[in-house]
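# Understanding the architecture of this molecule
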Amino acid sequence: MSDLFTHGYALLIGVGNTADPGYSLPVTVKDAQALKAVLTDANFCAYPNTPDRVRLLQNQGATHSGILDGLDWLKGCAEADPDATIVIYYSGHGTDLDSNAYYLLQHDFNEQAIPQTALSAETLSEKLRKIEAKRLWVIIDSCHAEGMATAKNDLPADFLPTALPKGVIDALKQGEGRAVFTSSRGNQSSYVRPDGILSVYTYHLIEALKGMANQPGDRLVRISNVMTHLGKTVSESARNFWDEEQTPFFDAAAEDFPVAMLRGGKGLPSQTQSPELPRVMTNQEVMTPALAMAKRSLAILEEQAAGFGMLQMPGHLRIDLEEKRREVAELEARLKDGKSNG
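Overview of the structure. (Residues numbered from 1 in each chain as written. Predicted model: local features only at pLDDT ≥ 70, side-chain atom pairs only at ≥ 80, totals over all residues. Heavy atoms only, no water.)

## Section: the side chain of R53
In this structure, R53 sits in the loop between helix 1 (26-39) and strand 2 (54-58). Those residues in contact with R53, other than ones at most four positions away along the chain, are T6, H7, G8, Y9, A10, P48 and W73. (Helix = DSSP H or I, 4+ residues; strand = E, 2+ residues; numbered from the N terminus. Contact = heavy atoms within 4.5 Å.)

The following block contains the structure:
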């Protein structure tokens, strides 16, 4: 019998149909449904397939109050289970009004009153801070008008879609053991595969959860595995399918924690490896994988930057590179200091 990822909890949101049909994105429901299927498959991620472990909000269920209730539910899960690993996934529109506030547009938002009716990043961040889980992973596949052109009608002309801004990401990952992944950067679009079955980002996310970036002997899928696969595949698919740029973004304040079982705990054939969740580790044990993950993230950024000349490199990518290089240097210094004092 396959093992279960017994401490896994997930809230999956696919906005799909909205009260204003001009903003509907049917593919986002396909995304959320497909992610739920792989998370609860005993032969893959092996989350318990029960409503107290995995909740799916879609179409009329993906309301403002429904999402907030779901976040409150996760808060209770973390309080009841000290070893909880929590996943929050959103697939839908996102917009930055006048660069002052970012909003996710759920089913029942009002186009004429977005600040009053849409889910603000401030509200989302406040809810996340109250979820005191050791391991929390936020995934935003924020789909935009340009990228959705093959899947739906044109959006209203005054709609200005944007990816999740860096400042919002910093707010979302406040706390211990937090990781935030987004499907694109800046004003890039998030694209749908030409066959329309899924968005490009979620398609490759599911590949990663099935073990595409794991190594022989692995029995768990970790944050770094997912990061590696998305960093290599999303940009390539967007260029191959649409001749456009879509660069996924990763940020974490955590050790390299597991997010799912690998092939139901059977993993990839090789030496046996314990499927147990990480024990409470020493500072040095935490710093070593954190440095490894930061270096891997830096390598992905440098690979992306290599596709641009210095003059053509987008400003946000240059800033990300500088910040990640600084993070690597700080982690190296802290690890060296910890060893010298040990």
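## Quick look at empty space enclosed by the protein
Tallying each qualifying case throughout the model produces 2 cavities of 30 Å³ or more. Put simply, the largest cavity is a space of about 60 Å³. Looking at the largest cavity, the residues that line it are I13, I67, L71, I88, Y90, L104, L119, L124, V138 and I140. Of the residues that constitute the lining of the largest cavity, the class distribution is 10 nonpolar, no polar and no charged. (1 Å grid on protein atoms, 1.4 Å probe; cavity = no way out; pocket = protein on both sides within 12 Å on 5 of 7 lines; lining within 4 Å. Points joined across faces, edges and corners; volume = space filled by probe spheres on them. Nonpolar A, V, L, I, M, F, W, Y, C, P; charged D, E, K, R; others polar.)

## Notes on the nonpolar core
Counting 43 residues, the largest nonpolar core has W137, F181, L209 and V226 as its most contacted members. With residues up to four places along the chain from it excluded, the contact list for W137 reads I86, V87, I88, A179, F181, L205, L209, I223, V226, F257 and V259. Counting residues in hydrophobic clusters, the runner-up holds 29 residues, among them Y9, Y90, Y102 and L136. (Core = buried A, V, L, I, M, F, W, Y, C linked by side-chain atoms within 4.5 Å. Buried < 20%, exposed > 50% of the residue type's maximum accessible area, 1.4 Å probe, protein only.)

## Some remarks on unusual backbone geometry
Its identity is not glycine, yet A46 carries a phi of approximately 65°, on the positive side. Along the chain, A46 falls in the loop between helix 1 and strand 2. Phi angles above zero are rare outside glycine, and D243 is one such case at about 55°. When you line up the elements, D243 lands in the loop between helix 7 (223-242) and strand 9 (249-253).

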